[in-house]
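Fold and contact review
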Amino acid sequence: IAREYGLTRVDGWAIRSLAVYCEVFNVPLPLRVEDVMNDLKADQRIELVEHMNLFRTQTTRYDDPYADLQSAAIQMDVEDAHDLATGRGVSVAIVDSAVDMDHPDLRGRVSVERNLVDRRPVARGEVHGTAVAGVIASSANNDVGIVGVAPDASIAALRACWAVSPGSVAAQCSSFSIARALELALDLKPSVLNMSLAGPDDALLAQLIDKLIDAGIGRRP
């Protein structure tokens, strides 16, 4: 066939599941590809003729292995949002349990760390605080873990909560420890304050939150 139509053979193999033999040809100049294809389609020996199509795998721009599993980030179109902003120049104070600053997805993201629970050093981060920090600011394109909503933001990790048992996701806080964290946040003046907490009404904390709002924390400049 190559000789009859003046084509250059590139490759060929038997596709056993289809019971056909596939050939790849190159169409040299001055022959026109469309003319050659029409001639081949009219040849009774040939079942199918088509261009060599190219396909791309569907993926995100990120090399972070779990990025495609972040359903909430996908629903929020975080990838498209990163065309406009990635959190550069934004600081986020996280009032939570301890953040693991040595986590590979958070290295370089934590600019401030304070333990407002007690004076004992925290050997490593705790689960909840680290997870919250990761959702916010996990590095993008570091070939590790997930992608943060604001991967270029800086984190102030304010430990006001403690894990109820070693390795537990559950953590608890007190009015006192949270108040200390909120007071520190007033001094730090972060762009955003995050508290992924729930509990009863607390008059002291309400006043501190009002102070933070009055100070413009969390507002757009």
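Remember, it's a predicted structure, so these values are computed and weren't measured experimentally. (Residues numbered from 1 in each chain as written. Predicted model: local features only at pLDDT ≥ 70, side-chain atom pairs only at ≥ 80, totals over all residues. Heavy atoms only, no water.)

A few points about the sheet that holds strand S8 (residues 192-194)
Sheet strands associate in pairs through backbone hydrogen bonding, adopting either a parallel or an antiparallel arrangement. The condition is simple: A pair of strands is labelled paired if DSSP reports no fewer than 2 bridges between them. Numbering goes from the N terminus for both helices and strands, where a helix is a DSSP run of H or I of at least four residues and a strand is a run of E of at least two. Lines are fitted to the C-alpha atoms to define the axes, a helix being fitted only along its stretch in contact, and any angle between axes, read from their N-to-C directions, falls within 0 to 180 degrees. Whether two residues are in contact is decided by their heavy atoms, any of which lying within 4.5 Å being enough.
The strand order across the open sheet formed by four strands is S4-S5-S3-S8, and the pairing between neighbours is parallel. The sheet is open, and its two borders are formed by strand S4 (110-115) and S8, each paired with just one other strand. Averaged over all neighbouring strand pairs, the angle between strand axes comes to 15°, with direction disregarded. The pairing of strand S3 (residues 91-96) with S8 spans three bridges and is classified as parallel. Bridging from a neighbouring strand, Ile 94 pairs with Asn 194 of S8. Across the sheet, helix H6 (residues 175-188) touches S3, S4, strand S5 (154-159) and S8, and the angle it forms with S5 is around 150°.

Points about the layout of surface pockets
Which entries qualify depends on this criterion: Within this scheme a cavity is a closed region of a 1 Å grid, computed over the protein atoms alone, that accommodates a 1.4 Å probe without allowing it to escape, whereas a pocket is open but has protein on both sides within 12 Å along at least five of seven lines; lining residues each have an atom within 4 Å of a point. Grid points are joined across faces, edges and corners, and a volume is the space filled by probe spheres set on the points. Gly is put with the polar residues, along with every residue not named as nonpolar or charged; the nonpolar set is Ala, Val, Leu, Ile, Met, Phe, Trp, Tyr, Cys and Pro, and the charged set is Asp, Glu, Lys and Arg.
A volume near 1,000 Å³ is recorded for the largest pocket. Where the lining of the largest pocket is concerned, the elements lending two or more residues are strand S1 (8-15), strand S2 (20-26) and helix H2 (33-41). With six residues, S2 is the largest single contributor of residues to the lining of the largest pocket. In terms of residue class, the lining of the largest pocket is built from 21 nonpolar, two polar and five charged. Computed from the structure, the second largest pocket encloses a volume of approximately 440 Å³. Residue lining of the second largest pocket: 24 residues in total, with Cys 173, Ile 178, Leu 197, Ala 198 and Gly 199 positioned closest to the centre. Among the residues forming the lining of the second largest pocket, the class breakdown is 14 nonpolar, seven polar and three charged.

Details of the state of the cysteines
Worth spelling out the cut-off: The disulfide criterion is simple: two cysteine sulfur atoms within 2.5 Å. Think of it in three bands: residues with accessible area under 20% of the maximum for their type are buried, residues over 50% are exposed, and the middle band is partly exposed, with areas taken using a 1.4 Å probe on protein chains only.
Here the structure, examined in full by the defined rule, presents one disulfide. Shown here is the disulfide that connects Cys 161 with Cys 173, its sulfur atoms set 1.9 Å apart. The sign of the 85° torsion about the S-S bond sets the Cys 161-Cys 173 disulfide as right-handed. Pair noted here: Cys 161 is in strand S6 (residues 161-163) and Cys 173 is in strand S7 (residues 171-173), with a separation of 12 residues, a long-range link. Classification of Cys 161 as buried rests on a relative accessible area of 1%.

Focus on unusual backbone geometry
Look at the link from Leu 29 to Pro 30: it is a cis peptide, with omega at 10°. Of note, Lys 189 is a non-glycine position whose phi angle comes to about 50°, a positive value. Here Lys 189 is to be found in the loop between H6 and S8.

Thoughts on the pattern of salt bridges
The following threshold applies: For this document, the term salt bridge refers to a Lys or Arg side-chain nitrogen within 4 Å of an Asp or Glu carboxyl oxygen.
Enumeration according to the criterion identifies eight salt bridges in this entry. The shortest N-O distance in the salt bridge between Arg 9 and Glu 23 comes to 2.8 Å. Of this pair, Arg 9 sits in strand S1 while Glu 23 sits in strand S2; the two residues are 14 residues apart in sequence, bridging distant segments of the chain. For Glu 23, a relative accessible area of 32% translates into the label partly exposed. One salt bridge connects Arg 32 with Asp 35, and the closest N-O pair in it is separated by 2.9 Å. Its relative accessible area of 38% is what places Asp 35 among the partly exposed residues. Connected through salt bridges with shared partners, the residues Asp 118, Arg 120, Glu 126 and Arg 159 form a single ionic network.

Thoughts on a nonpolar patch on the surface
The criterion, for reference: A patch consists of residues exposed above 30% relative accessible area that lack any salt bridge, with like charges linked at up to 9 Å and nonpolar side chains (Val, Leu, Ile, Met, Phe, Trp, Tyr) linked at up to 5 Å. For every accessible area listed, the method is Shrake-Rupley and the probe measures 1.4 Å; residues are considered covered only by the protein chains on display.
A cluster of nonpolar residues, Met 76, Val 135 and Val 149, forms a patch on the protein surface that exposes about 270 Å² of accessible area. Locating Met 76 in the fold gives a position in the loop between helix H3 (71-75) and helix H4 (78-81). Residue class for Met 76 comes out exposed when judged on its relative accessible area of 53%.

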